[in-house]
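Report on the structure
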Amino acid sequence: MMFWYGDEGMSGWGYALMTVGMVLFWVLVLAGVILTVRYLAQPSAPVGGAPIVRPSAEHVLAERFARGEIDADEYHHRLATLRGGIGPGPGANSPGDL
C-alpha cells in the first residue's frame, strides 16, 4: 500500500503542523461565534438610523417635579446647582428677609 508521505508515513513535523492547524481552526470558529453573538446582542438603532438621545439632567429633574417626587424648593435648589449657581443653603438670607 502506498502512503502519501512516502514509505515511512507522516513525520513528527507533520503531526505538529496538523495539531497547530486544528487548534487555530477551532480558535477562529469560536471567535467567529462569539463576535456574531455579541453583534446580534447589541441594541439596534431606531428604524431611521437616528441615534438614541438621552434626556438632559434638567429634563429629568423637571419630570421628577411634574410627577410630584420632589417639591418646589428642592426643584429650584437642584436646578440652580445644575446651572452652576449655588442654591439657597440653610440659614441663607432670602430677598424677603432684608
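Residues numbered from 1 in each chain as written. Predicted model: local features only at pLDDT ≥ 70, side-chain atom pairs only at ≥ 80, totals over all residues. Heavy atoms only, no water.

Quick notes on helix H1 (residues 12–41)
- Between its first and last C-alpha, H1 extends 44 Å over 30 residues, near the 44 Å set by a 1.5 Å rise per residue.
- Buried residues are scarce in H1, accounting for 0 of its 30 residues. (Helix = DSSP H or I, 4+ residues; strand = E, 2+ residues; numbered from the N terminus. Expected span 1.5 Å × (residues − 1). Buried < 20%, exposed > 50% of the residue type's maximum accessible area, 1.4 Å probe, protein only.)

Remarks on the pattern of salt bridges
- Throughout the structure, instances matching the rule amount to 5 salt bridges.
- We note a salt bridge from Glu58 to Arg83, for which the minimum N-O separation is 3.2 Å. With Glu58 in helix H2 (residues 57–67) and Arg83 in the segment after helix H3 (72–82), this pair connects stretches of sequence that are 25 residues apart.
- The class of Arg83 is exposed, set by a relative accessible area of 58%.
- Each of Glu63, Arg64, Arg67 and Glu69 takes part in salt bridges that share partners, so that together they form one network. (Salt bridge = Lys/Arg side-chain N within 4 Å of Asp/Glu carboxyl O.)

Observations regarding the packing of aromatic side chains
- For the structure shown, the criterion picks out 2 aromatic pairs.
- Judged by centre distance (5.1 Å) and plane angle (75 degrees), the rings of Phe25 and Trp26 are edge-to-face.
- Judged by its relative accessible area of 44%, Phe25 is partly exposed.
- Residue Trp26 is classed as exposed on the basis of its relative accessible area, which comes to 52%.
- A ring pair is formed by Phe65 and Tyr75, whose centres lie 4.7 Å apart and whose planes are at 20 degrees; its orientation type is stacked. (Phe/Tyr/Trp six-rings, centres within 6.5 Å; stacked < 30°, edge-to-face > 60°.)

Quick word on the environment of Thr36
- Considering the arrangement of structural elements, one finds Thr36 in helix H1.
- On the accessibility criterion, Thr36 (44% relative accessible area) is partly exposed.
- Among the polar contacts made by the side chain of Thr36, one reaches the main-chain carbonyl oxygen of Gly32 at a distance of 2.7 Å. (Polar contact = N/O pair within 3.5 Å; in protein donor to acceptor, adjacent residues only side chain to side chain.)

Here we look at the confidence of the model for the chain
- Per-chain confidence: the chain averages 80 in pLDDT, with 68% of residues scoring 70 or above.
- This stretch, residues 93–98, has a pLDDT under 50; its non-local contacts, to residues over four places away or in other chains, come to 0 contacts. (pLDDT = per-residue confidence, 0-100. Contact = heavy atoms within 4.5 Å.)

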